[in-house]
Amino acid sequence: MNGKGWGALYGLCFAVALGWGATGLVEGGCDWHYDGQRSACGVPDGYGRYAAVFIIAALSFPPLCWTVIRTDDWRPSLGISVGAASALAITLSTGTTRGFLILAAVEAVVAMGVPLILRTSVARRRGR
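Definitions and cut-offs
- Residues numbered from 1 in each chain as written.
- Predicted model: local features only at pLDDT ≥ 70, side-chain atom pairs only at ≥ 80, totals over all residues.
- Heavy atoms only, no water.
- Salt bridge = Lys/Arg side-chain N within 4 Å of Asp/Glu carboxyl O.
- Helix = DSSP H or I, 4+ residues; strand = E, 2+ residues; numbered from the N terminus.
- Expected span 1.5 Å × (residues − 1).
- Buried < 20%, exposed > 50% of the residue type's maximum accessible area, 1.4 Å probe, protein only.
- Disulfide = S-S within 2.5 Å.
- Phe/Tyr/Trp six-rings, centres within 6.5 Å; stacked < 30°, edge-to-face > 60°.
- Core = buried A, V, L, I, M, F, W, Y, C linked by side-chain atoms within 4.5 Å.
- Contact = heavy atoms within 4.5 Å.
- Pairing = 2+ DSSP bridges.
- Arc of directions from axis to C-beta.

**Student:** Explain the pattern of salt bridges here, please?
**Tutor:** Under the criterion given, the structure shown has 1 salt bridge. Of the charged contacts in the structure, one is a salt bridge between arginine 38 and aspartate 35, with a shortest N-O distance of 3.5 Å.

**Student:** Please explain helix α4 (residues 78–94) as it appears in this structure.
**Tutor:** Three or four residues apart is the spacing at which side chains of an α-helix point the same way, because the helix has 3.6 residues per turn. The end-to-end C-alpha distance of α4, which contains 17 residues, comes to 24 Å, matching closely the 24 Å that a straight helix rising 1.5 Å per residue would cover. Taken together, the buried positions of α4 are occupied by Gly79, Ile80, Ser81, Gly83, Ala84, Ala87 and Thr91.

**Student:** Can you walk me through the state of the cysteines in this structure?
**Tutor:** Simply put, the disulfide is a covalent bond whose two ends are the sulfur atoms of two cysteines. Taken as a whole and judged by the stated rule, the model has 1 disulfide. Residue pairing for cysteine 30: its cysteine sulfur links by disulfide to cysteine 41, the two sulfurs lying 1.6 Å apart. Note that cysteine 30 is positioned in the loop between α1 (3–28) and β1 (31–34) and cysteine 41 in strand β2 (residues 39–42), a separation of 11 residues in sequence. Residue classification places cysteine 30 among the partly exposed positions, given a relative accessible area of 32%. Looking at cysteine 41, the relative accessible area reads 49%, which means it is partly exposed.

**Student:** I tried to follow the packing of aromatic side chains on my own but got confused; where do I start?
**Tutor:** Taken as a whole, this structure holds 3 aromatic pairs when the rule is applied. With centroids separated by 5.7 Å and ring planes inclined at 35 degrees, the aromatic side chains of phenylalanine 14 and phenylalanine 61 adopt a geometry described as tilted. Here phenylalanine 61 lies in helix α3 (residues 61–69) and phenylalanine 14 lies in helix α1, a separation of 47 residues in the sequence. Classification of phenylalanine 14 by relative accessible area gives buried; the value is 10%.

**Student:** Even after reading the chapter, I still don't get the nonpolar core, so can you show me in this structure?
**Tutor:** A general feature of soluble globular proteins is that nonpolar side chains tend to end up buried together. Phe14, Ala57, Leu64, Val68 and Ile80 form the largest nonpolar core, which has 5 residues in total. Each residue touching phenylalanine 14, except ones within four places of it in the same chain, is listed here: Ala57, Ser60, Phe61 and Leu64.

**Student:** Would you explain the pairing of β1 in this entry?
**Tutor:** Side chains on a regular strand alternate between the two faces of the sheet. With 4 bridges joining them, β1 and β2 adopt antiparallel strand pairing. Bridging from a neighbouring strand, histidine 33 pairs with alanine 40 of β2.

**Student:** Where do I start with α3 in this structure?
**Tutor:** Turning to α3, its buried residues are Leu64, Cys65 and Val68. Buried residues in α3, looked at end-on, bunch into an arc of 105 degrees, giving them a common side. In α3, the exposed positions that point more than 90 degrees away from the buried face belong to Pro62 and Trp66. On its buried face, α3 sits against α1 and α4.

As structure tokens, then:
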């Protein structure tokens, strides 16, 4: 497998991990803590692993940009599309409340938008 294949696999894993973590955070909701003067939203008990995966996936975004988005070929971005479509299936199989539907809409836009944007920008750079 060449570098572009690894980039597509990286994009797939990134999108699935980010989507799974976000789905868990939407499912868990917010655990409000009041200390008298201010309130804070925390992760409920049992949902810490979703927060950890979401944060790790979010921190892996800059290397993903380097391997997938900064390339002269748009095809490695299809890994992000497949991963976002898988995350969409995970989200909709978990629930269909408003929060899940909003997250599913974002995942659908990412699945369709990233390759389309990169394909048109690569074609524009090549003069087609």
